[in-house]
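One-letter residues, chain by chain:
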Amino acid sequence: MRLSLPVLLASLLTLSACGGGGGSSSSSSDGGGATPASGPVSLGTVIMPGVTLTATRTSALVPGATATFRVTSSDPGIASLEVLIGVDWETAQPATVVTTGAGIWDATVTLPNPLPAEAAMLVRITGSDGNVCETSRTVYRL
Amino acid sequence: MSGTQYRCVATNSAGSATSTAATLTVSGLPTGWSTADIGSVAATGSASVTNGVWTVTGSGADIWGNADGFRFVSLPASGDLSITARVTGLTVTNAWAKAGVMVRETTAAGSRNAFTCLTGSNGSSYQRRLSTNGKSTYTGGPAWSAPAWVRLERVGARFISSVSADGTTWTEIRRENITMNVAVQIGLAVTSHANGQLCTATFSNVTVISTLPAAN
C-alpha cells in the first residue's frame, strides 16, 4: 500500500497538534540534566489501517550532546524525510538522516545547549505525489 | 441598518397611517467583494453576508496538490495585509473539508496561495502553494474544530499563520517567506473535499487590513 499525502497528513495530525502547542514541559530545560532514551512514541492517529508513524529517541537527551532518533512508517511511500531540532522551522538545526530500511529513518543531531523546553523535533516529509507535510513534537515529550 | 425594525408612515390631507413593523435584512456581499468557484467544482457554491454573518458554501475536491477546487469570496488587496475571521460553523462533508482565510495570487486553480483553515475533523492547519501549479505544503496546527479564529498576515514577503480559540490569545502555526505578487486576492475559502457536495461554513468578525490600495 502506498502512502498518499492525505493519509500521511492524517497520520501526522496529532503530532502537529502536540508540538504546535509548545509550552512548558515537566522536563528540565536548564541544560543540566540527561533524560534517558525513550520508548516508541506514536506520532499520530491512523486513518487508513496499517499506516502508522512512530518516533523513538534512541539516545539520552543531553543538551549539547549528540542525540539520535528513529522515525518509522508502516508504509514506505514517503519520498523523503527531513528532521530538524529547534524552536522554529527557520532556525532549527537539521539532523543527519539516513534510511536504514523501508520506512525507517535514523536522525542524528547535536542538541542545542541549553535545550529550551519548547524545542521540538520538526519533521518534514515529501509524499510520493510531491506534496509536503510538516509537523512537530516537543523533544521532551519524545 | 440590517436587523433594524422599520415602520412606514403615510400621510395625506386625511391624516396618517402607520404600517406594521418590518425587519430590514440586508444580504449579499459588501462593496468590493466578489465570489466565484475556483478550479473544478461539481456543485456551484455561494456566498452572502447577513447581519455580519458570512455564509459560504463550497464544493470541490480539495485545496491541495497542484490545483484547487473550492469557493472563494474575496477582495482585491495589495502590499502588507492581514485577514482575521472566526469560523463559527463548518459542515463536515469530509474530515478534510476546509474553511478559512486565504491570500491568493490569482483565481487560477494552480495559483500560489497561503491558507489558514479549520478542517472537518483534522484540526487547524496552514497550507500554501509556493509556486504556480506546484505542489502544496501543509503544517498542522492545534487540533481544533469550529468555532475558532483563523488569521493570515503578510508583511513584505513574510506570511504568518495563526489560530486562536478565543480571538485574544493566538497560536502561531508557521511563518515563512513566500514570493507572491504585491497585488493579490484576499478572502474566505471553503472546500467540501467531496466534489459535488456543498460544504457550508459560517464566519463572523471578518476583518481585512491592507496598507496599500488595491491595484486595479
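Rules used in this analysis
- Residues numbered from 1 in each chain as written.
- Chains lettered and ligands numbered in written order.
- Predicted model: local features only at pLDDT ≥ 70, side-chain atom pairs only at ≥ 80, totals over all residues.
- Heavy atoms only, no water.
- Helix = DSSP H or I, 4+ residues; strand = E, 2+ residues; numbered from the N terminus.
- Contact = heavy atoms within 4.5 Å.
- Areas by Shrake-Rupley, 256 points an atom, 1.4 Å probe, with all protein chains shown as cover.
- Buried < 20%, exposed > 50% of the residue type's maximum accessible area, 1.4 Å probe, protein only.
- Lys, Arg positive; Asp, Glu negative; His and termini not counted.
- Charge placed at Lys NZ, Arg CZ, Asp CG, Glu CD.
- Core = buried A, V, L, I, M, F, W, Y, C linked by side-chain atoms within 4.5 Å.
- Disulfide = S-S within 2.5 Å.
- Salt bridge = Lys/Arg side-chain N within 4 Å of Asp/Glu carboxyl O.
- pLDDT = per-residue confidence, 0-100.
- Pairing = 2+ DSSP bridges.

Enquirer: Hey, could you run me through the overall build of chain A in this one?
Expert: Counting its regular elements, chain A contains one helix and nine strands. Helices and strands appear in chain A in the N-to-C order α-β-β-β-β-β-β-β-β-β. Across chain A, every contact between residues at least 6 apart in sequence was considered, and the portion connecting residues at least 24 apart equals 64%. Accessible surface for chain A amounts to roughly 5,600 Å². Of this, 55% is attributable to carbon and sulfur atoms.

Enquirer: In this structure, what is going on with the overall build of chain B? I would like to understand it.
Expert: When helices and strands are tallied, chain B shows zero helices and 17 strands. Its C-alpha atoms give chain B principal-axis dimensions of about 75 × 35 × 35 Å. The proportion of buried residues among the 216 residues of chain B is 49%. The contacts of chain B with a sequence gap of at least 6 include a subset with a gap of at least 24, amounting to 63%. Of the accessible surface of chain B, which amounts to about 8,800 Å², a share of 51% is contributed by carbon and sulfur atoms. Between the mean site of the 14 positive side-chain charges and the mean site of the 9 negative ones, chain B shows a separation of 2 Å.

Enquirer: Honestly, the nonpolar core in this entry has me stumped. Any pointers?
Expert: Within soluble globular proteins, side chains that are nonpolar generally end up buried alongside one another. Among the nonpolar cores identified, the biggest contains 36 residues, and B:Trp54, B:Val103, B:Leu152, B:Phe159, B:Leu188 and B:Phe203 are the most heavily contacted of them. At eight residues, strand S8 (residues 70–90) of chain B tops the list of elements feeding residues into this core. The contact partners of B:Leu188, leaving out residues within four places of it in the chain, are B:Trp54, B:Val56, B:Arg71, B:Phe72, B:Val73, B:Ile83, B:Ala85, B:Gly100, B:Val101, B:Phe203 and B:Val206. The next biggest cluster of nonpolar side chains, apart from the first, holds 27 residues, and it includes A:Ala55, A:Ala119, A:Leu142 and B:Tyr138.

Enquirer: Help me understand the state of the cysteines in this model?
Expert: Simply put, the disulfide is a covalent bond whose two ends are the sulfur atoms of two cysteines. All names here are of chain B. One pass over the full model with this rule turns up zero disulfides over all chains. With no disulfide of its own, Cys117 has Cys199 as its nearest cysteine by sulfur position, at a separation of 11 Å. Note on Cys117: relative accessible area 0%, which makes it buried. Overall, Cys199 belongs to the buried group, its relative accessible area being 0%.

Enquirer: Mind showing me how you'd approach the environment of B:Thr168 here?
Expert: Residue and element names in this part refer to chain B. Within the fold, Thr168 resides in the loop between strand S14 (158–164) and strand S15 (170–177). Under the relative-accessibility criterion, Thr168 is labelled exposed at 63%. Along the backbone, Thr168 and Arg128 are 40 residues apart, and their C-alpha atoms lie at a distance of 25 Å.

Enquirer: Any chance you could explain the pattern of salt bridges here in plain terms?
Expert: Pairing between side chains of opposite charge can happen when their charged atoms approach one another. According to the stated counting rule, one finds 13 salt bridges over all chains in the structure shown. A:Arg124 serves as the salt-bridge partner of A:Glu134, at 3.0 Å between the closest nitrogen and oxygen. You can see A:Glu134 sitting in strand S9 (residues 132–138) and its partner A:Arg124 sitting in strand S8 (residues 120–127), a full ten residues away along the chain. Since its relative accessible area comes to 18%, A:Arg124 is described here as buried. Of the charged contacts in the structure, one is a salt bridge between B:Glu176 and B:Arg128, with a shortest N-O distance of 2.5 Å. Remark: B:Arg128 occurs in strand S11 (residues 124–129) and B:Glu176 occurs in strand S15; sequence separation between them is 48 residues. Pair check on accessibility: B:Glu176 and B:Arg128 agree, each one buried. Residues participating in the shared-partner salt-bridge network are A:Glu82, A:Arg124, A:Glu134, B:Arg128, B:Arg174 and B:Glu176.

Enquirer: Would you mind going over the confidence of the model for chain B with me for this structure?
Expert: If pLDDT is low for a region, its predicted coordinates should not be looked at in detail. Summarising the model, chain B shows a mean pLDDT of 91, and 91% of its residues fall at 70 or more. The complex model carries a pTM of 0.81, and its ipTM stands at 0.82.

Enquirer: Got a minute to help me understand the pairing of strand S12 (residues 136–140) of chain B in this structure?
Expert: Across a regular strand the side chains alternate sides, sitting on one face of the sheet and then on the other. All names here are of chain B. Across the five residues that make up S12, a large majority, five, are buried. Where S11 meets S12, five bridges bridge the pair, whose relative direction is antiparallel. Bridge pairing in S12 links Arg128 to Thr137. The hairpin formed by S11 and S12 contains six residues between the paired strands, and Asn133 there has a positive phi angle of roughly 65 degrees.

Enquirer: What am I meant to see in the environment of B:Ser162 here?
Expert: Along the chain, B:Ser162 turns up in strand S14. Those residues in contact with B:Ser162, other than ones at most four positions away along the chain, are B:Thr116, B:Trp149, B:Val150, B:Arg151, B:Glu153, B:Trp170, B:Thr171, B:Glu172 and B:Ile173.

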